[in-house]
Amino acid sequence: MEKKPENRGMIDTWIDKHRSIYSAATRHAFVVSIRDGSVDLSSFRTWLGQDYLFVRGFVPFVASVLIRACKDSGESSDMEVVLGGLASLNDEIEWFKREGSKWDVDFSTVVPQNANQEYRRFLDALMSSEVKYAVIMTAFWAIEAVYQESFAHCLEDGNKTPVGLTGACHRWGNDGFKQYCSSVKNIAERCLENASGEVLVEAEDVLVRVLEHEVAFWEMSRGGQ
Ligand SMILES: Cc1ncc(CNC=O)c(N)n1
């Protein structure tokens, strides 16, 4: 029997189509500098402070994804996947606090930069009940996948990642987080398979906008602080 061609799914098709922005988000100069050991400490401290604020704002977004997974998904395992993500944000906030003291970053004085505020506003808009579940799941996957891909790169063979920064890389670059991203991707793909043309257009747009926000987010580290 002839084998059916591998069904690649919408997300992989879109990643191919938008490869340059995807690479810009997952192989940003800041991430590459962590991997090759040339990272400067003030960039890392800036990123740490900004990301701590981002993650605090990401919690209500993930909570809203959780509610949608309970109400709109029709698949009981979706809730468990998102709940796992929310639970790990609890550990993550504690991790940030430890890193903050380690690197002498006082989060209470960190002011959110424009890129951070714009990303937060984008997430707030996605929390509207008007936004379709398939679109939310696509955005959620992209947000998590950029960090997974970026930090896993810093742990790949041949890295010269400074020991002090391997904690950050393991947080998002570990296999468990990779598995979790893959579960979120499967949820998104399942929803996209049944989505209307209009929803597909919206999901592709949201995917590209997440990637743009992620690039702008990494860019903040250039300024140092
Ligand atoms: C800007 C940004 N994007 C994605 C993540 C990863 N998700 C949760 O931690 C993150 N921490 N920060």
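Before reading on, note that the structure itself is shown above.
Residues numbered from 1 in each chain as written. Predicted model: local features only at pLDDT ≥ 70, side-chain atom pairs only at ≥ 80, totals over all residues. Heavy atoms only, no water.

As a further point, take the site of the ligand. Neighbouring the ligand are the residues Asp51, Phe54, Val55, Phe58, Glu92, Tyr119, Ile143, Glu144, Tyr147, Trp172, Glu214 and Phe217. Within the side chain of Trp172, a nitrogen or oxygen atom sits 3.2 Å from an oxygen atom of the ligand. Within the side chain of Glu214, an N or O atom sits 2.7 Å from a nitrogen atom of the ligand. In the complex, the protein chains occlude 100% of the 320 Å² of accessible area that the ligand would expose alone. Those elements that provide at least two residues to the shell around the ligand are α4 (41-72), α7 (133-153) and α10 (197-223). (Near = heavy atom within 4 Å. Polar contact = N/O pair within 3.5 Å; in protein donor to acceptor, adjacent residues only side chain to side chain. Areas by Shrake-Rupley, 256 points an atom, 1.4 Å probe, with all protein chains shown as cover. Helix = DSSP H or I, 4+ residues; strand = E, 2+ residues; numbered from the N terminus.)

Another point: empty space enclosed by the protein. Summed over the entire model, instances satisfying the criterion amount to 1 cavity of 30 Å³ or more. Quantified by volume, the largest cavity comes out at close to 130 Å³. Lining the largest cavity are 15 residues, and of these Val55, Phe58, Glu92, Glu144 and Trp172 lie nearest its centre. Of all the elements in the fold, those that place two or more residues in the lining of the largest cavity are α4, α5 (76-102), α7 and α9 (175-193). (1 Å grid on protein atoms, 1.4 Å probe; cavity = no way out; pocket = protein on both sides within 12 Å on 5 of 7 lines; lining within 4 Å. Points joined across faces, edges and corners; volume = space filled by probe spheres on them.)

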